[in-house]
Amino acid sequence: MTQERVTYRLHPGVSPTAVVRDGPPDALGPAVRLVPDPDRPDRDRLRSARAFHLHAENGTPLARVVTEQTLGSRLSGRPAVYLVLDPSGAPVGRIELRRRRAFRPGRTRWTVHPVTGPHLHGYQGRLMWWALWWPLGLPVSLIWLVTSLLGESDGGIRPPRRIIWRDTSGRAHLVFRAVAEDFRLLTSAVDPRLVNALVALHQSFDPSEGAGAEGWYESP
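Residues numbered from 1 in each chain as written. Predicted model: local features only at pLDDT ≥ 70, side-chain atom pairs only at ≥ 80, totals over all residues. Heavy atoms only, no water.

Engineer: Help me get a handle on the overall build of the protein chain, residues and values and all.
Structural biologist: Looking only at helices and strands, one finds 3 helices and 12 strands in the protein chain. Looking at the 220 residues of the protein chain, the share that counts as buried comes to 43%. For the protein chain, restricting intrachain contacts to residue pairs at least 6 apart in sequence, the fraction spanning at least 24 positions comes to 41%. Counting every atom, the protein chain has about 11,800 Å² of accessible surface; 57% of that belongs to carbon and sulfur. (Helix = DSSP H or I, 4+ residues; strand = E, 2+ residues; numbered from the N terminus. Buried < 20%, exposed > 50% of the residue type's maximum accessible area, 1.4 Å probe, protein only. Contact = heavy atoms within 4.5 Å. Areas by Shrake-Rupley, 256 points an atom, 1.4 Å probe, with all protein chains shown as cover.)

Engineer: Kindly report on the environment of R9, identifying the contributing residues and their values.
Structural biologist: Within the element layout of this structure, R9 appears in strand β1 (residues 2-11). Of the residues examined, R9 reaches a relative accessible area of 40% and is grouped as partly exposed. When the C-alpha atoms of R9 and D182 are compared, they prove to be 4.8 Å apart, with 173 residues separating the residues in sequence. Apart from residues no more than four positions distant in its own chain, R9 is found in contact with A18, V19, V20, A180, E181 and D182. Within the local environment of R9, its side chain forms a polar contact with the backbone oxygen of A180, the two atoms lying 2.7 Å apart. (Polar contact = N/O pair within 3.5 Å; in protein donor to acceptor, adjacent residues only side chain to side chain.)

Engineer: Residue-level account of empty space enclosed by the protein, with values.
Structural biologist: Tallied over the entire structure, the rule returns 1 cavity of 30 Å³ or more. In this structure, the largest cavity spans a volume of roughly 30 Å³. Surrounding the largest cavity, Y8, V19, R21, D26, L28, G29, P30, A31, V32 and N196 form its lining. At the level of secondary structure, the elements contributing two or more residues to the lining of the largest cavity comprise β2 (18-22) and β3 (31-36). Partitioning the lining of the largest cavity into residue classes produces 6 nonpolar, 2 polar and 2 charged. (1 Å grid on protein atoms, 1.4 Å probe; cavity = no way out; pocket = protein on both sides within 12 Å on 5 of 7 lines; lining within 4 Å. Points joined across faces, edges and corners; volume = space filled by probe spheres on them. Nonpolar A, V, L, I, M, F, W, Y, C, P; charged D, E, K, R; others polar.)

Engineer: Any details on the nonpolar core? Residues and values, ideally.
Structural biologist: When a protein is soluble and globular, its nonpolar side chains tend to lie buried together. Ranked by internal contacts, the top residues of the largest apolar core, which has 41 residues, are Y8, F52, L54, V84, I95, W110 and W165. In terms of residues, this core owes the most to one element, helix α2 (residues 192-205), which gives 8 residues. Setting aside its immediate chain neighbours within four residues, F52 contacts V35, P36, D37, R64, V65, A197, A200, L201, W216 and Y217. (Core = buried A, V, L, I, M, F, W, Y, C linked by side-chain atoms within 4.5 Å.)

Engineer: How would you sum up the pairing of strand β6 (residues 80-85)? Please name residues and give values.
Structural biologist: Of all 6 residues making up β6, 5 are buried, and the element is well covered by its neighbours. With 5 bridges joining them, strand β5 (residues 61-69) and β6 adopt antiparallel strand pairing. Residue pairing across strands places Q69 opposite V81, the latter belonging to β6. Here 6 bridges tie β6 to strand β7 (residues 91-98), and the two strands are oriented antiparallel to one another. When the sheet's bridge partners are listed, L83 is paired in β7 with R94. Linkage of β6 to β7, two consecutive antiparallel strands, is achieved through a turn of 5 residues, within which G89 is found at a positive phi near 95 degrees. (Pairing = 2+ DSSP bridges.)

Engineer: Outline the pairing of strand β10 (residues 163-166), listing residues and values.
Structural biologist: Direction of pairing for strand β9 (residues 120-124) relative to β10: antiparallel, over a ladder of 4 bridges. Note on β10: the bridge partner recorded for Y123 is I164. Examined bridge by bridge, β10 and strand β11 (residues 172-177) share 4 bridges and lie antiparallel to one another. Residue pairing across strands places R166 opposite A172, the latter belonging to β11. Between the antiparallel neighbours β10 and β11 lie 5 residues, among them G170 with a positive phi of about 95 degrees.

Engineer: Explain the pattern of salt bridges residue by residue, including any values.
Structural biologist: Any two side chains of opposite charge can pair, so long as their charged atoms come close to each other. As enumerated under the stated definition, the model contains 11 salt bridges in all. Note that R33 is salt-bridged to E57, the shortest N-O span being 2.6 Å. A residue pair is termed long-range when its members are at least 10 positions apart, and R33 in strand β3 and E57 in the loop between β4 (51-55) and β5 qualify at 24 residues. Residues E96 and R109 are paired through a salt bridge, measuring 3.6 Å at the closest nitrogen-oxygen approach. With a gap of 13 residues between them, E96 in strand β7 and R109 in strand β8 (residues 109-114) connect regions that are remote in the sequence. For E96, a relative accessible area of 14% gives the class buried. Overlapping salt bridges, with partners in common, bring together R9, R177 and D182 in one network. (Salt bridge = Lys/Arg side-chain N within 4 Å of Asp/Glu carboxyl O.)

In structure tokens:
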């Protein structure tokens, strides 16, 4: 079922960091606060462990995200798996991050496995843009990196980042628009707690420029 246009955007300029919703109201409200777990695990070697809470604006707990499995090496291809639990501890769904394996073609994949509803798969970047990035964008990005280390530059060209989450039939449900740095929800079939958890997880690994190099989760 289609719905009115709804977008989600991370707002790192407030404390706690919030995921702000623009569109018709839902049960979670216009903003969901992201509160890192005080007992969150130490950083693993790949810095993939996550533990945080989703709170309503009035402080009401909405959900909790915990790490079931951390990322494996680029060679192993083992995904990171995150559980989204409701305030009573019952599962809402799973979110999986699988990075491209080293020395093999492929793209980073984010997968959403809800307890109820369609399973969604999203791949980072379009194949066409990756085909241009490897021979053209990557060398330019490396030059930017070298000049940044020499103190002569403060920017660079990022690889393709757009993601479209589709169900098994190919229908799009959610889009991360890299230029706008927002997430556009296209259907009402996805639990809003999972949408907010996915936005928070994605932006902790691939932060927008306003969130700083470390992202909202690593910020003090």
